[in-house]
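Analysis of the macromolecular model
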Amino acid sequence: MSNVIVLDNGGGLIKAGNGGERDPSTIIPNCLYRPLSSKKFLHPTPTTEEDLTSAAVRRPIDRGYLINQDLQRDIWNHLFSNLLHINPSNSSLLLTEPLFSPPSIERATDELVFEDFGFNSLFIADSPKLVHLYEASRRPYGLLSKAQCSLVVDCGFSFTHAAPVFQNFTLNYGVKRIDLGGKALTNFLKELVSYRSVSVTDESFIMDDVKEKLCFVSLDVARDLKIARRRGNNNFFRCTYVLPDGVTHTKGFVKDPDEAKKYLTMDDEAYLETRKDTDRAEIMDRKKVDLTKNEFDLTNERFLVPEMIFHPADLGMNQAGLAECIVRAVNSCHPLLHPLLYQSIILTGGSTLFPRFAERLEMELRPLVPDVYQVKIATQEDPILGVWRGGSLLASSPDFKSMCVTKAEYEELGSARCRRRFFH
């Protein structure tokens, strides 16, 4: 059998490697970028050390779907030639595709794979199916594997899906979506920081780093908002992020990492001890920003940004929060599946990496679920690589070759007929 390339083509990151391996060979941003020091757009590498301050970014995927076929061709060509060093004509491709892709985008993807790169066969899979497959293989004697049923919550770069999976097939009629992902959270953080301190509206890469290092999910928003208004050491959330200056350091960093993690040691007793201080200084004076310093402080932004996943209405979006989205997805399925789905919730995607995410989701979900059902939420060991690992497992199965569409079949039957094989 020919070499199988597994390609998890996300809106934020591309994960690519050979089928059968545990981890992908390379992980790169799915974009081109142009730093201030360059006149042309460059390909990112897995270890980009260049100063990305105010770098312009071009992405082939917007809101989860492929919108720029030429740009995606350019990125894939760099990936296959310079990073993976493969010959597509001697390889099969397992490619992930978002749920509910329009037929025009499916045709564009097939043209890229067969006509532009000349892969000899193709298999298209959606993310929830691969996540379920991987988790079932990790726990062969668990409920997930025995019942062949799970609810995959994928909080990705472009949007968030709650997708029921039964016997390795995603139940499309039960999938619910929130149009909110990591990109929207980063943009919201940009707005908050730009309004309160320094303008960072052009700093996509830097603000992604700030979000990943400093944001967390609050278990009691009203309480934490009060704590965030305190002064001095009583404010458990205040921390400082230093921006790159292009001379001594080309990447931003947290000024005091221990201070940034102080909220993890906070308990109710510490809150009650200093509550009087909050009452005396209920309204803090706006802190004057020192523009000579290349840094900014964060307080309540750290937990207000991830809060949007649970309450999108706070951003002005007329959509349900994640907990309600999960309940709607479960209620769309047969009643006999409900207890199994609630006991087999799997979290995947980069936005589930916020500290306390699973704990908060269970707190929100429990009041909405009937008391007779148990709620069990499991986070993948690596939510970013979970989909790729499921694809790698599928690519190494003996039946994989028979599941693929060959280039000859595509040329004879066309894209629409071939797609039927993937049960979309």
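An account of the accompanying structure is given in this report. Counting restarts for each chain: residues are numbered from 1 in the order of the written sequence. This being a predicted model, a pLDDT of at least 70 is required before a residue's local features are given, and a value of 80 or more before pairs of side-chain atoms are given or counted; all residues contribute to the totals for chains, interfaces and linings. Excluded from the side-chain calculation are hydrogens and water; included are all heavy atoms of the structure.

This part is about the packing of helix α3 (residues 127–138) against helix α15 (residues 386–395). Angles here are taken between N-to-C directions and fall from 0 to 180 degrees, while the axes themselves are lines fitted to C-alpha atoms, restricted in helices to the stretch in contact. Going along the chain from the N terminus, every DSSP run of H or I of four or more residues is numbered as a helix, and every run of E of two or more is numbered as a strand. α15 packs onto α3 with a crossing angle of 75° between their chain directions and a minimal axis gap of 7 Å. In terms of axis orientation, α3 runs roughly perpendicular to α15. Contacts between α3 and α15 involve Ser127, Leu130, Val131, Leu133, Tyr134 and Ser137 from the former and Gly386, Val387, Arg389, Gly390, Gly391, Leu393 and Leu394 from the latter. Broken down by class, the residue content of the contact of α3 with α15 amounts to 7 nonpolar, 5 polar and 1 charged. Throughout, the term roughly parallel applies to angles under 35 degrees, roughly antiparallel to angles over 145, roughly perpendicular to angles from 65 to 115, and oblique to all others. Throughout, a contact is declared for two residues whenever any of their heavy atoms are within 4.5 Å. Gly falls in the polar group here, along with every residue not listed as nonpolar (Ala, Val, Leu, Ile, Met, Phe, Trp, Tyr, Cys, Pro) or charged (Asp, Glu, Lys, Arg).

This brings us to the pairing of strand β14 (residues 239–242). Categorising residues by exposure relies on relative accessible area from a 1.4 Å probe, with only protein chains included: less than 20% of the type maximum marks a residue as buried, more than 50% marks it as exposed, and the intermediate range marks it as partly exposed. Side chains Cys239 and Tyr241 of β14 all project onto a buried face; the interleaved residues Thr240 and Val242 project onto the opposite face, where all are buried too. Two elements, β14 and strand β16 (residues 295–298), share 4 bridges in a ladder whose sense is antiparallel. Within β16, the position partnered with Cys239 by the bridge is Leu298. Strands are treated as partners if at least two bridges between them are detected by DSSP.

Here a helix's expected span is defined as the number of its residues, less one, multiplied by 1.5 Å. When the terminal C-alpha atoms of helix α1 (residues 69–83) are compared, their 20 Å separation across 15 residues agrees well with the 21 Å that a helix rising 1.5 Å per residue should span. Looking at α1, one finds that the buried residues are Leu71, Gln72, Ile75, Trp76, His78, Leu79 and Phe80. Of the residues flanking the start of α1, the one acting as N-cap is Asn68, its side-chain oxygen 3.4 Å from the backbone nitrogen of Asp70. With its phi angle positive at about 55°, His85 sits one or two positions after the end of α1. The term polar contact refers here to a pair of N or O atoms within 3.5 Å; inside protein, the definition further demands a hydrogen-donor-capable atom paired with an acceptor-capable atom, and it admits residues adjacent in sequence only when both atoms are side-chain atoms.

Turning next to the pattern of salt bridges. A side-chain nitrogen of Lys or Arg and a carboxyl oxygen of Asp or Glu constitute a salt bridge if their distance falls within 4 Å. Counted by the stated rule, this structure contains 21 salt bridges. Here Arg223 and Asp224 are joined by a salt bridge, their closest N and O atoms 3.2 Å apart. Considered together, Arg223 and Asp224 belong to a single accessibility category, that of buried residues. For Arg360, the salt bridge identified is with Glu364, shortest N-O distance 2.9 Å. Here Glu364 and Arg360 lie together in helix α14 (residues 357–365), a separation of 4 residues that amounts to about one turn. A residue is classified by how much of its surface remains accessible, and Glu364, at 22% relative accessible area, is partly exposed. A network of salt bridges, in which partner residues are shared, links Arg22, Asp23, Glu135, Arg138, Arg139, Glu381 and Arg389.

By nonpolar core we mean a set of buried residues, namely Ala, Val, Leu, Ile, Met, Phe, Trp, Tyr and Cys, connected to one another through side-chain atoms within 4.5 Å. Among the nonpolar cores identified, the biggest contains 53 residues, and Val210, Phe296, Leu322, Ile326, Ile345 and Phe357 are the most heavily contacted of them. Residues in contact with Val210, not counting those within four places in the same chain, are Leu189, Cys215, Tyr241, Phe296 and Leu298.

As a further point, take the environment of Ile75. Its place among the elements puts Ile75 in helix α1. A C-alpha to C-alpha distance of 9.9 Å links Ile75 and Ile28, two positions 47 residues apart in sequence. Ignoring anything within four residues of it in the chain, the contact list for Ile75 reads Ile14, Asn30, Cys31, Leu32, His43 and Pro60.

Glancing now at empty space enclosed by the protein. Throughout, the protein atoms alone are placed on a 1 Å grid, and a set of points is a cavity if a 1.4 Å probe fits but cannot get out or a pocket if it is open with protein on both sides within 12 Å along at least five of seven lines; lining residues have an atom within 4 Å of a point. Grid points are joined across faces, edges and corners, and a volume is the space filled by probe spheres set on the points. Evaluation of the coordinates by the stated rule reveals 1 cavity of 30 Å³ or more. Of the voids in this model, the largest cavity is the one considered here, and its volume is about 40 Å³. Among the elements of the structure, α2 (103–116) and α18 (415–419) are those that each provide at least two residues to the lining of the largest cavity. Looking at the lining of the largest cavity element by element, the count peaks at 3 residues for α18. When its residues are assigned to classes, the lining of the largest cavity shows 6 nonpolar, 1 polar and 2 charged.

With that out of the way, let us pick up the sheet that holds strand β2 (residues 13–18). Spatially, the 6 strands line up as an open sheet ordered β3-β2-β1-β8-β9-β19, and their pairing is mixed. The open sheet terminates on both sides in strands that have one partner only, identified here as β3 (26–29) and β19 (405–406). One ladder, built from 5 bridges, connects strand β1 (residues 3–9) with strand β8 (residues 91–96); its direction is parallel. Residue Val4 lies in a different strand from β8, and its bridge partner there is Ser92. Contacts from α2 reach β8, β9 (121–125) and β19, with the element oriented near 150° to β9. On top of the sheet, α15 reaches β1, β2, β8 and β9; it is set at about 155° to β1, its chief contact.

Topologically, Ser397 is positioned in the loop between α15 and α16 (400–403). The partly exposed category is assigned to Ser397, whose relative accessible area is 21%. Sequence separation between Ser397 and Gly20 is 377 residues, and the spatial gap between their C-alpha atoms is 8.5 Å.

In this section: unusual backbone geometry. Of note in this structure, Phe100 is not a glycine but carries a positive phi near 65°. Among the structural elements, Phe100 can be located in the loop between β8 and α2. Phe100 gets classed as partly exposed once you look at its relative accessible area, which sits at 42%. Of note in this structure, Asn168 is not a glycine but carries a positive phi near 65°.

Turning next to the sheet that holds strand β15 (residues 253–254). Taken in spatial order, the 3 strands line up as β15-β14-β16 in an open sheet, and their pairing is antiparallel. At either margin of the open sheet sits one strand with a lone partner, and together these are β15 and β16.

Our focus in this paragraph is the side chain of Arg419. Tracing the sequence through the fold places Arg419 in helix α18. Here the side chain of Arg419 touches Glu97 through a polar contact of 2.6 Å, side chain to side chain.

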